[in-house]
Amino acid sequence: MSQGDEAEATRRDAGDAESSRASRGWWDRNADDYQLEHGGFLGDDRFVWSPEGLDEEEAGLLGPADELKGRDVLEIGSGAAQCSRWLAAQGARPVALDLSHRQLQHALRIGGGVPLVQADAGALPFLDGSFDLACSAYGAIPFVADPVRAMREVARVLRPGGRWVFSVTHPIRWAFLDEPGPEGLSVAASYFDRTPYVEQDESGRAVYVEHHRTVGDRVRDVAAAGFRLIDLVEPEWPAWNVQEWGGWSPLRGNLIPGTAIFVCVRD
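Residues numbered from 1 in each chain as written. Predicted model: local features only at pLDDT ≥ 70, side-chain atom pairs only at ≥ 80, totals over all residues. Heavy atoms only, no water.

Draft legend 1. Layout of a nonpolar patch on the surface. On the surface, Leu185, Leu251 and Leu255 cluster together into a nonpolar patch covering about 260 Å² of accessible area. You can see Leu255 is positioned in the loop between helix H7 (250–253) and strand E10 (259–265). (Patch = residues over 30% accessible without salt bridge, like charges linked within 9 Å, V, L, I, M, F, W, Y side chains within 5 Å. Areas by Shrake-Rupley, 256 points an atom, 1.4 Å probe, with all protein chains shown as cover. Salt bridge = Lys/Arg side-chain N within 4 Å of Asp/Glu carboxyl O. Helix = DSSP H or I, 4+ residues; strand = E, 2+ residues; numbered from the N terminus.)

As structure tokens, this is what we get:
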């Protein structure tokens, strides 16, 4: 969840329009700090799936790296397009899409010539069947009120047989405090409470929204969007990774999962 905002944190309903507006504003305001804090870990041209540091070069969730050449790939919630640059280096033809103009300005700053598109994940500006693969490393899906709508858009722009891989905060984490230390090891809320986490200003206007879905919800969402789930990856915390990233830390990572990666296929 978000870090460093001076806003009231609460749990309340938040629909599509409010969630999208809040996400665009939050990432535009916080992109500079995010890239400064995490850019070194993410690299300029690595494909990192999660704070655990799982790398696509090692994981191969989109398929073998030597088979990416010539494939059209859509990255959703691309941030500064680090993943897309890695894909381009493998010979793929990536397009990096993000809701935040400021995040895409960081993509321009780093360079690399990857096509950049500013758009909402719920209304992808592409023709049907435009891509072979789609991916999202913590982008878009945790922040949309209607994940089925967003994933149906992904299914629409994918060609038959296309793979859709996305990572999100592991749903079990929503039952725990979002803290990296010992206090983050105690259950503090119901895992089954789907009420969104909202940070709002003094007028009650949402400035940050994140949506919770259980593991079962995510599986049903994938199926409702027309995908077949072929794998669910829960990265273990590696010994080399000693960083803390928000609520992610070696302490918690060695005990409970922090990330869930859904590997899906459009039949």
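Once the structure has been displayed, the description carries forward.
Draft legend 2. Summary view of the nonpolar core. With 28 residues, the main nonpolar core has Leu74, Ile76, Trp164, Phe166 and Phe227 as its most contacted residues. Considering every element that reaches this core, the biggest residue donor is helix H5 (residues 147–157), with 5 residues. (Core = buried A, V, L, I, M, F, W, Y, C linked by side-chain atoms within 4.5 Å. Buried < 20%, exposed > 50% of the residue type's maximum accessible area, 1.4 Å probe, protein only.)

Draft legend 3. Examining empty space enclosed by the protein more closely. Evaluated as defined, the whole model comprises 1 cavity of 30 Å³ or more. The space that makes up the largest cavity amounts to roughly 50 Å³. Taken together, the residues that form the lining of the largest cavity break down as 4 nonpolar, 3 polar and 3 charged. (1 Å grid on protein atoms, 1.4 Å probe; cavity = no way out; pocket = protein on both sides within 12 Å on 5 of 7 lines; lining within 4 Å. Points joined across faces, edges and corners; volume = space filled by probe spheres on them. Nonpolar A, V, L, I, M, F, W, Y, C, P; charged D, E, K, R; others polar.)

Draft legend 4. Main features of the state of the cysteines. All told, the structure shown has 0 disulfides when counted by the stated rule. Looking at the unpaired Cys83, the closest cysteine sulfur is the one in Cys135, lying at 6.3 Å. Classification of Cys83 by relative accessible area gives buried; the value is 7%. Cys135 supplies the cysteine sulfur nearest to Cys264, a cysteine that is in no disulfide, at a spacing of 12 Å. The exposure class of Cys264 is buried, given its relative accessible area of 0%. (Disulfide = S-S within 2.5 Å.)

Draft legend 5. Just the packing of aromatic side chains, in detail. One pass over the full model with this rule turns up 16 aromatic pairs. For the pair Trp164 and Phe166, a centre-to-centre distance of 5.2 Å together with 25° between the ring planes defines the contact as stacked. Taken individually, Trp164 and Phe166 each receive the classification buried, so the pair is uniform in this respect. Between Phe166 and Phe262 the ring centres are 5.1 Å apart and the planes differ by 10°, which places this aromatic pair in the stacked class. Here Phe166, found in strand E6 (residues 158–169), pairs with Phe262, found in strand E10; they are 96 residues apart in sequence, far enough to count as distant. For Phe166, a relative accessible area of 0% corresponds to the buried category. In this structure an aromatic cluster arises from ring pairing among Trp26, Trp27, Tyr34, Phe41, Phe143, Tyr197, Tyr208, Trp240 and Trp245. (Phe/Tyr/Trp six-rings, centres within 6.5 Å; stacked < 30°, edge-to-face > 60°.)

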